[in-house]
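What the coordinates show
Residue strings, one per chain:
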Amino acid sequence: MDYTLGVDIGTTSVKTVLYDVKGKVHGYANNGYPLYQDTPDMAEEDPEEIFSAMSDGITELLRKANLKPGELKGVALSCAMHSLILLDDDYKPLTRAITWGDNRAVKYADALKANPEGMEIYQHTGTPIHPMTPLTKLIWLRNDHADLFNQARWFVGIKEYILHKLFGVLKEDYSIANATGMFNIYNLDWDDQALKLAGISRDQLPELVDTTYQLKGMHEEYAKVLGIDINTPFIIGASDGPLANLGVNAIQPGVVAVTIGTSGAVRVVTDKPHTDPKARVFCYYLAKNMWVIGGPVNNGGVVFRWVRDQLCAPEKVTAEQMHIDPYDLLTQIAAKIPAGSDGLLFFPFLGGERAPIWDANARGSFFGLNRTHTRAHMIRAVLEGIVYNLYTVMLALEEVVGRPTSIQANGGFARSALWRQMLTDIFEQDVAIPESFESTALGAATLGMYSLGLIDSLTDVSKFVGTTVVHHPNPKNFTAYRELIPIYIRLSRSLEPEYKNIADYQRRHEHEDEAAQKDASSSKEQ
């Protein structure tokens, strides 16, 4: 039997899955690492902790699988987008991995977004202007941390760092490069205007290669640790969002993938690049003649977690006593409330927001609260608010590429029948839930199999992906959602001018609190 490893280097963990050539799973590992948020707006990770998590996952799976020599045909990679690591002349990190969730470049992102040059760069690169991107992070570092910026010889992401450790070369796939905000989607090369703005040159960046590119000749020390033959190909793969589309078989025209995990996204594949005159959606490379158009949101399951921990502590305790998942109990409570939560709306912007407003200053809020509303209403309103926001991304996407023909949904939310039905009713379309396991890793493995010649086409993924259930819209819920969604959209627009004011207030007080804590700590030591 021939096997391929799909390795998904994510925001909170590395997920490693062993597949055979029919897409069947033969092993799974999930190895996590911490997110460092030492100061306001920071979101960093340790590159060595991520490397160790990947190594541990691969080692664990291959040891358990006990494959015969030559049965592992390749290792294919997926990776979270927008990370940035500064390296010195010896390829040693000068920084941790600054992740997509880091908002410290917000001042420079806002300034660029307000400048016509920001729209020009978006039209070249397909990446909306936002502090998530390495482009704006580099502008921030150059201006606010010039000494650190000037020490750097190389500017890379976490995938490039890992591959350099393993193979001693710096390569970057088109898909990850595309998400830096410095990659020209029309000539598949670094964008001169963006590089000039960032203050870096091409020779400080990895060599660009296609997503099917293979690396061979791993350093022997790492090959021994991983238990892999040094000549086993590593397929460089793509970024996680586009590969998630591939992994749920949402690669045909008009087939939309909706994901709600920790964050969320709405994405569709086209055969050529598209950008949006209003700069609301991204355009990212997947493979030759495959471009993923869509919008990511910061606020998915992480908001539901906030509800569990901050609003529903008693229910959390009850669930533990009943030996059931707290989320299951909360959705049972929410299911007793009618669609529309009796006029209670929730704006889920607890961590700023990307699509469709691309505003790192955005903040969450309830609207419409009255004396009749209960915590049950608030739980349901939160779930609906997350989906309302995804629906506004869908509306923007429709303006660029047309109305979807079908929707494939995946992510942690898919475990909840209520949430799945809510998505179906708000979008007013059938929603299919694929049974594919770890769709992003499957997307990577499928791309790897194609690169290795084990399958003839990426469309062969259809043989690997089944459908567990199809949800149909419930007409009884249309009336409420059709009336509330326009209110949600109008309110969202009216709140935007005040987001910066409230965010500035919060940041100022966070810095004051941090300073006060340091003073208190210093006094104790004395």
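This text follows the structure it describes.
Here we summarise the structure given alongside this text. Every chain is numbered independently, its residues counted from 1 as its sequence is written. Local features are withheld for residues below a pLDDT of 70 in this predicted model, meaning they are given only at 70 or higher, and side-chain atom pairs are given and counted only at 80 or more; totals for whole chains, interfaces and linings count all residues. Only hydrogens and water are set aside when side-chain values are computed; all heavy atoms of the structure are taken into account.

**A closer look at the environment of M54**
Take M54: it is sitting in helix α1 (residues 47–65). Only protein chains enter the accessibility calculation, which uses a 1.4 Å probe; a residue whose area is less than 20% of its type maximum is buried, one above 50% is exposed, and one in between is partly exposed. Exposure remark for M54: the relative accessible area of 0% places this residue in the buried category. In sequence terms M54 and V7 are 47 residues apart; their C-alpha atoms lie 7.7 Å from each other. A run of H or I in DSSP counts as a helix once it spans at least four residues, and a run of E counts as a strand once it spans at least two, with each numbered from the N terminus.

**Concerning unusual backbone geometry**
Geometrically, the link from A355 to P356 is a cis peptide bond, its omega value of -10° lying close to zero. In this fold, P356 is placed in the loop between β19 (345–347) and β20 (365–367). Positive phi outside glycine occurs at D342, with the angle close to 50°. In this structure, D342 sits in the loop between α13 (326–334) and β19. Residue D342 is classed as partly exposed on the basis of its relative accessible area of 46%.

**Overview of the sheet that holds strand β3 (residues 25–32)**
Each pair of strands is called paired provided DSSP finds at least two bridges between the two strands. Pairing in this open sheet of six strands is mixed, and the strands run β3-β2-β1-β5-β14-β13 from one edge to the other. Whereas interior strands pair on both sides, the edge strands pair on one side only; in this sheet they are β3 and β13 (214–215). Pairing geometry for β13 and strand β14 (residues 234–239), over two bridges, is antiparallel. Paired with L215 across the bridge in β14 is F234. Taken strand by strand, α1 contacts β1 (3–9), β2 (13–20), β3 and β5 (72–79), and its axis lies near 155° from that of β3. Note on definitions: a residue-residue contact is assigned when non-hydrogen atoms from the two residues lie within 4.5 Å. Fitted lines through C-alpha atoms give the axes, limited to the stretch in contact for helices. The angle between two N-to-C directions lies from 0 to 180 degrees.

**Some words on the side chain of S492**
Within the secondary structure, S492 sits in helix α17 (residues 475–525). Judged by relative accessible area, S492 falls into the buried class, the value being 8%. In contact with S492, other than residues within four places in its own chain, are F347, F349 and I357.

**Some details on the pairing of β2**
In terms of burial, β2 is a largely internal element, seven of the eight residues being buried. As consecutive antiparallel partners, β1 and β2 are separated by three residues. When β2 meets β3, the two strands line up antiparallel, connected through seven bridges. In the strand pairing of β3, K15 is matched with N30. In this structure, the hairpin formed by β2 and β3 is closed by a connection of four residues, where G23 is found at a positive phi of approximately 80°.

**Remarks on empty space enclosed by the protein**
Of the two site types, the cavity is a set of points on a 1 Å grid over the protein atoms alone where a 1.4 Å probe fits but cannot get out, and the pocket is an open set with protein on both sides within 12 Å along at least five of seven lines, each lined by residues with an atom within 4 Å of a point. Grid points are joined across faces, edges and corners, and a volume is the space filled by probe spheres set on the points. Counted according to the given criterion, the structure contains two cavities of 30 Å³ or more. Along the walls of the largest cavity sit 17 residues, with S83, V156, G157, E172 and T180 positioned nearest its centre. Each residue gets one of three labels, nonpolar for Ala, Val, Leu, Ile, Met, Phe, Trp, Tyr, Cys and Pro, charged for Asp, Glu, Lys and Arg, and polar for the others, Gly among them. Of the residues that constitute the lining of the largest cavity, the class distribution is 11 nonpolar, four polar and two charged. If you add up the space inside the second largest cavity, you get close to 90 Å³. Lining of the second largest cavity is provided by 14 residues; of these, G10, E45, A80, S83 and I158 occupy positions nearest its centre. When the residues that make up the lining of the second largest cavity are grouped by side-chain class, the tally is nine nonpolar, four polar and one charged.

From the geometry alone we can't say anything about function, so treat these as descriptive.
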